[in-house]
There are 2 protein chains.
Amino acid sequence: MAVKAYLFDSYGTLFDVYSVSRQCEEKYPEKGEQLSKDWRELQLQYAFLSQILQQYEPFDEITKKALMAALDRQKILYEEADAEELSKAYEKLEPFEETKKVLSALQDSTVMTFSNGTHGMLQPLIKHHGLESLLGIISADEIRQYKPSPAAYQYALDKLGLNKKEIVFVSSNQWDITGAASFGFQTVWINRKEEPTSHLGFVPDLVLTSLERLPEEKPPQ
Amino acid sequence: MAVKAYLFDSYGTLFDVYSVSRQCEEKYPEKGEQLSKDWRELQLQYAFLSQILQQYEPFDEITKKALMAALDRQKILYEEADAEELSKAYEKLEPFEETKKVLSALQDSTVMTFSNGTHGMLQPLIKHHGLESLLGIISADEIRQYKPSPAAYQYALDKLGLNKKEIVFVSSNQWDITGAASFGFQTVWINRKEEPTSHLGFVPDLVLTSLERLPEEKPPQ
């Protein structure tokens, strides 16, 4: 079955979540790198917990609260307004160097990002990098779910109106690949850090170390 | 309302999950401490993912797979049988020094552990330390759920047949306190590592640094 759509995760896949270390470093010298790591770790932890607890909060709120938790962990004193301000760094995340070229090369297919981020977070980010003509947006926030819940992937599938096997789902996040593969998507894992494969048993159809070769290397049909 | 039952989390609360570093160190010298940390981190990650994916696996399976992932992360070569064998360390986790004394002091109330662990994991552990007369078992595995899903806490509540406010839920795991507080239990967080409080908004009624003072320090009614 021919590939009709590419569905990209945003955070970690098209855009580098650790690029916020620059803004963190400016505001909190010598803490930038650790803050950016803790921030991401806690952001995912909070999102997963909210999903399990069935206590949904939009991802911008989760992101701000995770930053506050990261600042607490570093014993940094702050006001909530500081965290609110620094969270705006998510609207200017750096894309990976190959992002724009690869999105451009795939334009014969539908190309969308499917993200836990809200439209309010994703639109300015995509616009900031001039990618709006290359990339549509599906946000799991539209149904108040987070990936990797099956309901989130089902929503993206319904939005695209295609057969599962006409879609290639691409993510750097192993939990996202596990979720998408468990749901039945064809998956490409962009394993940027050469992490070992999960033992949960839902494995990607294809593994690449960056997006670079995605246009040539289609997953086996 | 008088407290009629104490419900204790097991792993991290009554028993030290990091005590497996001893068995890890014996088998993989100089890797024990890091393995024990990664093992726990991945065990929780796998359990939460399985819960969100609605792909339940018993906690002994999750524990074994998480150990395999931890061994992968350290680039250690192993057979699945090695991981199976080392996983048995969970049947001999060390209790915290105050565990037995505190359980003994609470025997005027019902005292149970409520754990994600299976009966097959918890029974030998409790027996190994001679605690079987002091501690009953409710396992979330009985309904193929993991804490912190609301269904898991509801199940424990139904099993006890008490009013929510007659139960004190005790855990060292902040995600477990968040889940139990969100569900409506009275909660005591045993904050052994002096971690900052979560920003998700479900806060414990009482915070202690060990179980030691639990018999005296009841949460406010």
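Everything discussed here concerns the structure shown above.
Keep in mind the model is a prediction, meaning the values are calculated, not measured.

Cut-offs applied
- Along every chain, residues carry numbers that run from 1 in the direction the sequence is written.
- Lettering for chains starts from A, numbering for ligands starts from 1, and both go in the order in which the items are written.
- Only residues with pLDDT of at least 70 get local features here, since the model is predicted, and only at 80 or more are side-chain atom pairs given and counted; chain-wide, interface and lining totals rely on the full set of residues.
- Processing note: side-chain calculations cover all non-hydrogen atoms of the structure and skip hydrogens and water entirely.
- A pair of strands is considered paired only if DSSP assigns at least 2 bridges between the two.
- The numbering of helices and of strands both runs from the N terminus, where a helix is a DSSP run of H or I of at least 4 residues and a strand a run of E of at least 2.
- Axes, fitted as lines to C-alpha atoms, cover a helix only where it is in contact. Angles between the N-to-C directions of the axes lie from 0 to 180 degrees.
- Put simply, a salt bridge is a Lys or Arg side-chain nitrogen that is within 4 Å of an Asp or Glu carboxyl oxygen.
- Any two residues whose heavy atoms approach within 4.5 Å are treated as being in contact.
- Buried area adds together the accessible area that both of two parts lose upon being put together, with accessible area traced by a 1.4 Å probe.
- We call two N or O atoms a polar contact when they sit within 3.5 Å, provided that within protein one can donate a hydrogen and the other can accept it, with sequence-adjacent residues counted only if both atoms are side-chain atoms.
- When two rings of Phe, Tyr or Trp (its six-membered ring) have centres within 6.5 Å they constitute a pair, described as stacked for plane angles under 30 degrees, edge-to-face for angles over 60, and tilted for the intermediate range.
- Classification of residues uses two cut-offs on accessible area relative to the type maximum, computed with a 1.4 Å probe and protein chains only: under 20% is buried, over 50% is exposed, and between them is partly exposed.
- For a Lys NZ or an Arg CZ to count as sitting over a ring, it must be within 6 Å of the ring centre and within 35 degrees of the ring normal.
- In plain words, nonpolar cores are sets of buried Ala, Val, Leu, Ile, Met, Phe, Trp, Tyr and Cys residues tied together by side-chain atoms within 4.5 Å.
- The copies were overlaid by least squares, fitting only the C-alpha atoms of residues that reach a pLDDT of 70 or more in each copy.

**Q** What am I meant to see in the sheet that holds strand β6 (residues 167-171) of chain B here?
**A** Residue and element names in this part refer to chain B. Sheet architecture is open: six strands sit in the order β5-β4-β1-β6-β7-β8, paired in parallel fashion. Strands with a single pairing partner mark the edges of an open sheet, and in this sheet they are β5 (136-139) and β8 (206-208). Across this sheet, the average inter-strand angle for adjacent strands is 25°, counted without regard to direction. Where strand β1 (residues 5-8) lies against β6, four bridges are found, and the strand directions are parallel.

**Q** Whenever I open this one, the pattern of salt bridges confuses me. Can you help?
**A** Side chains bearing opposite charge may pair, as long as their charged atoms lie close to each other. Residue and element names in this part refer to chain A. Summed over the entire model, instances satisfying the criterion amount to 34 salt bridges over all chains. Salt-bridge contacts for R22 lead to E26; the nearest nitrogen and oxygen are separated by 3.3 Å. In this pair, R22 and E26 both sit in helix α1 (residues 21-27), four residues apart, roughly one turn of the helix.

**Q** Looking at this model, I keep getting lost on the interface of chain B and chain A. Mind explaining?
**A** Where interface size is quoted, it is often the accessible area lost as the parts come together. At the junction of the two partners, chain B supplies 30 residues and chain A supplies 30 residues. Taking both partners together, chain B and chain A bury about 2,400 Å²; carbon and sulfur atoms supply 72% of that area. A per-residue breakdown of the area chain B buries against chain A is headed by I52, H199 and L200 of chain B, which together make up 30% of the total. Linking chain B to chain A there are zero salt bridges. For the pair chain B and chain A, the interface holds eight residue pairs in polar contact (both at pLDDT 80 or more).

**Q** How should the packing of aromatic side chains be read in this particular structure?
**A** Each aromatic ring pair is specified by the distance between its two centres and by the angle formed by the two planes. Inspection of the entire model under this criterion finds 26 aromatic pairs over all chains. Geometrically, the ring pair formed by Y153 of chain B and F185 of chain B is edge-to-face, given 6.3 Å between the ring centres and 85° between the ring planes. Taken together, the residues Y153 of chain B in helix α7 (residues 150-160) and F185 of chain B in the loop between α8 (174-183) and β7 (186-190) connect sequence positions 32 residues apart. For the pair formed by Y153 of chain B and F185 of chain B, the shared burial category is buried. By way of ring pairs, the aromatic residues Y11, W39, Y56, F59, Y90 and Y146 of chain A are connected into one cluster. Directly above the aromatic system of F114 of chain A lies the positively charged group of K147 of chain A, at a separation of 5.3 Å from the ring centroid.

**Q** How should the nonpolar core be read in this particular structure?
**A** Buried together is how nonpolar side chains tend to be arranged in soluble globular proteins. The biggest cluster of nonpolar side chains holds 118 residues, and the ones touching the most others in it are F8 of chain A together with F8 of chain B. In this view, F8 of chain B contacts T13, L14, L103, L106, V111, M112, T113, F114, V170, L211 and L214 of chain B; residues no more than four positions away in its chain are not counted.

**Q** I'm lost on the relation of the copies chain B and chain A in this one. Help?
**A** Here the two chain copies are tied together by a rotation about an axis and a shift along that axis. For the match of chain B to chain A, the screw axis carries a shift of 0.0 Å, the RMSD comes to 0.0 Å, and the turn is 180°. Overall, the copies show the geometry of a two-fold rotation axis. Every residue of chain B has its C-alpha some distance from the rotation axis, and the shortest such distance is that of I52 of chain B, at 3.1 Å. Looking at chain B, 100% of its interface residues are interface residues in chain A too, so the copies touch through the same face.

**Q** How should unusual backbone geometry be read in this particular structure?
**A** Negative phi characterises most residues that are not glycine, and trans characterises most peptide bonds. Residues and elements named next belong to chain A. Residues K147 and P148 are joined by a peptide bond in cis, for which omega reads 10°. Turning to its location among the elements, P148 is positioned in the loop between β5 (136-139) and α7 (150-160). The backbone phi angle of R144 is positive, close to 50°, even though this residue is not glycine. Mapped onto the fold, R144 is located in the loop between β5 and α7.

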